[in-house]
Amino acid sequence: MLNSISKFSNDPVGVEKTLKLLQSTAQIAASVSYPSPDEAALWTVAKNNVALARRFFRLVKWIDCFNIGYAQYELYQHPRSEKAVTGNTARSAHNGLHFLLIVLKWSLLGAYLFVEMFTIVDAVAGTWRPWAVTTQTEALKLWFYSLAVSVMLDLYEILVVYSNDSTAPAPVPTPSPPATRSKGSSIKEDEKQAARSTKSQPNAPPTAGTDSLAFKAAKRRSMYRQLVIDGCDLLIPGAAVGWLALDPITVGVAGSVSALVGGSDAWARVNR
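These numbers come from a predicted model, not from an experiment.

Engineer: Even after reading the chapter, I still don't get the overall build of the protein, so can you show me in this structure?
Structural biologist: Summing up its helical and strand segments, the protein has eleven helices and zero strands in all. Mapped from its N terminus to its C terminus, the protein presents α and β elements in the order α-α-α-α-α-α-α-α-α-α-α. Within the protein, buried positions represent 35% of all 272 residues. For the protein, contacts bridging at least 24 residues in sequence account for 74% of all contacts bridging at least 6. If you sum the accessible surface of the protein, you get close to 16500 Å²; carbon and sulfur atoms cover 63% of it.

Below, the structure written as structure tokens:
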């Protein structure tokens, strides 16, 4: 158990999801304790400090987002290129619409993070000059657009790409160079090592002998969880820019659900 906690605490995604849960909990507490202004102020300060800490985790994440979008573009334009097959940075799009949704999602998310980066000084100093407020608002709008596209992408993959009637091919695993056999090794030892390697990868893409329906069902379960995360996160920027009339408690609950689902995925990933 302690080893699992250590792995989770050393994972950036796990730490970020934990901070997100603390931020959402503090937001709920600040709203519930409104009869006591002093207590509400303390919870608000805690929420703002945790939110500031989370921003440093995504300060330059826009680079990764743009790289993923560009890798998807290259993979769609040159599906048989060596870089697309072995780059291991993008998944193959099912069709043109699928490609468009993936590129839009990551491009808008990268644009949001890039624009938000310029307000980090005001967030740290607490000054929030007029241009910084406007910039932050426009960044939140980009985040809302990205999440809206992500929700559409999740639904499309659940209903079309990974449906039982879909003929989409399974992702091609990255080819690995053949292992060199030492002078004293035997074929039996190599077979045991290969069996152990296969056993240690329960979520590996299906091979020729793997049930394709089981793979699609697993992908749909994963997309259902992602849909819950994106749907809950969509409420946060929507309420922040005034497009959704939601109270802080509802937004805090949505953020908590998103953090718990995302954190459980990170926990399972680091403890495989």
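Engineer: Could you clarify how one ought to interpret a nonpolar patch on the surface in this entry?
Structural biologist: On the surface, Val32, Val228, Ile249, Val253 and Val257 cluster together to form a nonpolar patch covering roughly 350 Å² of accessible area. Given a relative accessible area of 52%, Val32 falls into the exposed group.

Engineer: Help me understand the environment of Val241, please; the structure alone is not making it clear to me.
Structural biologist: The topology assignment puts Val241 in the loop between α10 (212-240) and α11 (248-270). Between the C-alpha atoms of Val241 and Gln136, which are 105 residues apart in sequence, the distance is 9.7 Å. The contact partners of Val241, leaving out residues within four places of it in the chain, are Thr137, Leu140 and Lys141.

Engineer: I'm lost on the packing of helix α6 (residues 96-117) against helix α8 (residues 130-161) in this one. Help?
Structural biologist: Two numbers describe a pair of packed helices, the interaxial angle and the distance between the axes. Axis separation between α6 and α8 bottoms out at 8 Å; the angle between their running directions is 155 degrees. It follows from the interaxial angle that α6 and α8 lie roughly antiparallel. Of the two elements, α6 crosses α8, and the hand of that crossing is left-handed. When its residues are assigned to classes, the contact of α6 with α8 shows 19 nonpolar, five polar and three charged.

So, how was this worked out
- Residues numbered from 1 in each chain as written.
- Predicted model: local features only at pLDDT ≥ 70, side-chain atom pairs only at ≥ 80, totals over all residues.
- Heavy atoms only, no water.
- Helix = DSSP H or I, 4+ residues; strand = E, 2+ residues; numbered from the N terminus.
- Buried < 20%, exposed > 50% of the residue type's maximum accessible area, 1.4 Å probe, protein only.
- Contact = heavy atoms within 4.5 Å.
- Areas by Shrake-Rupley, 256 points an atom, 1.4 Å probe, with all protein chains shown as cover.
- Patch = residues over 30% accessible without salt bridge, like charges linked within 9 Å, V, L, I, M, F, W, Y side chains within 5 Å.
- Salt bridge = Lys/Arg side-chain N within 4 Å of Asp/Glu carboxyl O.
- Axes fitted to C-alpha atoms, helices over the stretch in contact; angles between N-to-C directions.
- Parallel < 35°, antiparallel > 145°, perpendicular 65-115°, else oblique.
- Left-handed = near helix turned anticlockwise from the far one by under 90°.
- Nonpolar A, V, L, I, M, F, W, Y, C, P; charged D, E, K, R; others polar.

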